[in-house]
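Reading the structure
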Amino acid sequence: MSIRMRFVNRLCSLLLGFVLFAAGFLKLMDPVGAGLVVQEYFKLAGLYFLFPASKALAVILALLETLLGTAVITGVWRRIIAWISAVLLAFFTLVTGLLLIFNPEMDCGCFGEALHLTHLQTFIKNLALCLLWTGAFLPFNRHHDAPPLRYVAQAIVTLAMLLFTFWSHLSVPPVDFTPYKPGTMLQDDSSGLSFSDADGEYCDSLLFSGKTLLVSAYDADRMPAKRWEAVSALAADAAEYGIPVIVLVPDLSDDLSGRLTDPVILSNIYFADRKDLMTFNRSNGGLTFVEDGMIVRKWSSRAYPDSSLPSYLQDNDSSAVMVETASSSRLKLQAFLLFTFAVMLLL
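Numbering of residues starts from 1 in every chain and runs along the sequence as written. With the structure being a predicted model, the display of local features is reserved for residues of pLDDT at least 70 and the display and counting of side-chain atom pairs for 80 or more, all residues being used for whole-chain, interface and lining totals. Values reported for side chains reflect all heavy atoms of the structure, with hydrogen atoms and water molecules removed beforehand.

We now examine the sheet that holds strand S6 (residues 294–299). What makes two strands pair is DSSP finding at least two bridges between them. Strands here mean DSSP runs of E at least two residues long; helices mean DSSP runs of H or I at least four residues long; both are numbered from the N terminus. In space, the six strands of this open sheet follow the order S1-S4-S3-S2-S5-S6, with mixed pairing throughout. Each end of this open sheet is capped by a strand with a single partner; those strands are strand S1 (195–196) and S6. Direction of pairing for strand S2 (residues 211–216) relative to strand S5 (residues 286–291): antiparallel, over a ladder of six bridges. Its bridge partner lying in S5, Leu-213 is registered against Phe-289. Along the sheet face, helix H7 (residues 225–239) touches S2, strand S3 (245–249) and S5 and points at about 150° away from the line of S3. By the convention used here, residues are in contact when the closest approach between their heavy atoms is within 4.5 Å. Where helices are involved, their axes are fitted lines through C-alpha atoms of the stretch in contact, as for all axes, and angles between N-to-C directions lie from 0 to 180°.

Spelled out as structure tokens, the structure:
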């Protein structure tokens, strides 16, 4: 293989691998959002019975896409990776071609919430990836086995991605691309969160004045008793500082009402659309701090802050809290990505 051909091959491999990695990683970062996208595809195909498997399938596909991208970059198992990526790209191109023809009102979800493409843009993107594939893998008979260190790099990155997948399942996305990201004003028409009381009266204005802690439980019946106890403890701590805790659920089933005995929680339960709650905070039972209608910070239901939170929120400027949290999350994510690409490209 000539030097020029090797250069083209390596460049196409890097570009193709990066796009596959980015597409998969952005979905791994937001597994709940990826599950909603897969659910839309099931709805389009009439496969409603597969809805419960949407999130699990989305995570599996995103992990496959991510690891496929890393394998293309590291150059391991060239023939096997070539065939797997060819099948995957052919499938994606076929699906996006059908979306282009039938033009349903949905997003392809190729890059999660980070980037929204039209059906035409998505189809063209997949055609471009197919062209990159030809530059990366053809001809087959001129490829040699990768050096042993490349396989070590692939193993390290695979382990890192598996750990990241597990962490994502337990956390809120480190970078929020939803309409309800920190810094968003809920009064805006594009990001309003509507919720009502038991009588059907809208109570959105409760979030527009002062500090509020909001618990959004889109699958409230699946929240264990310990998490509801944490909500009760938080409500008691926040009440000392005059910060109300509002609980949003899709509905108050008999099972849930039988398990909730705290009068403070029962008097502050409101009802909202389930999909809106899943978008507002990706964690079931997740906590969101809102001040004067602006979203400031989010926590996963598995990472509730301790009893010092109300005091901290009362004594500190909300803008500083938001900037500090965003900077910390982005730095950790950047460090993780820097480590990942250093391993892939330098080993």
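This part covers the nonpolar core. We call a set of buried residues a nonpolar core when its members are Ala, Val, Leu, Ile, Met, Phe, Trp, Tyr or Cys and they connect through side-chain atoms within 4.5 Å of each other. The classification of residues rests on relative accessible area computed with a 1.4 Å probe and restricted to protein chains. Under 20% of the type maximum is buried, over 50% is exposed, and intermediate values are partly exposed. In this structure, Leu-213, Trp-228, Val-247, Val-249 and Leu-287 are the most contacted members of the largest nonpolar core, which totals 29 residues. Elements supplying a minimum of two residues to this core: S2, H7, S3, strand S4 (269–272), S5, S6, helix H11 (309–315) and helix H12 (318–346). When residues of this core are assigned to their parent elements, the largest contribution, five residues, is made by H7. Setting aside chain neighbours within four positions, we find Val-247 in contact with Val-215, Trp-228, Val-231, Ile-265, Asn-268, Ile-269 and Tyr-270. Membership of the second largest hydrophobic core comes to 19 residues, among which are Leu-36, Leu-193, Leu-207 and Tyr-218.

The next point concerns the pattern of salt bridges. Each salt bridge in this description consists of a side-chain nitrogen of Lys or Arg and a carboxyl oxygen of Asp or Glu lying within 4 Å of one another. A complete count under the given rule lists eight salt bridges for this structure. The closest approach of N and O atoms between Glu-113 and Arg-282, which form a salt bridge, is 3.6 Å. Of this pair, Glu-113 sits in the loop between helix H4 (78–102) and helix H5 (119–137) while Arg-282 sits in the loop between helix H10 (274–280) and S5; the two residues are 169 residues apart in sequence, bridging distant segments of the chain. The class of Arg-282 is buried, set by a relative accessible area of 6%.

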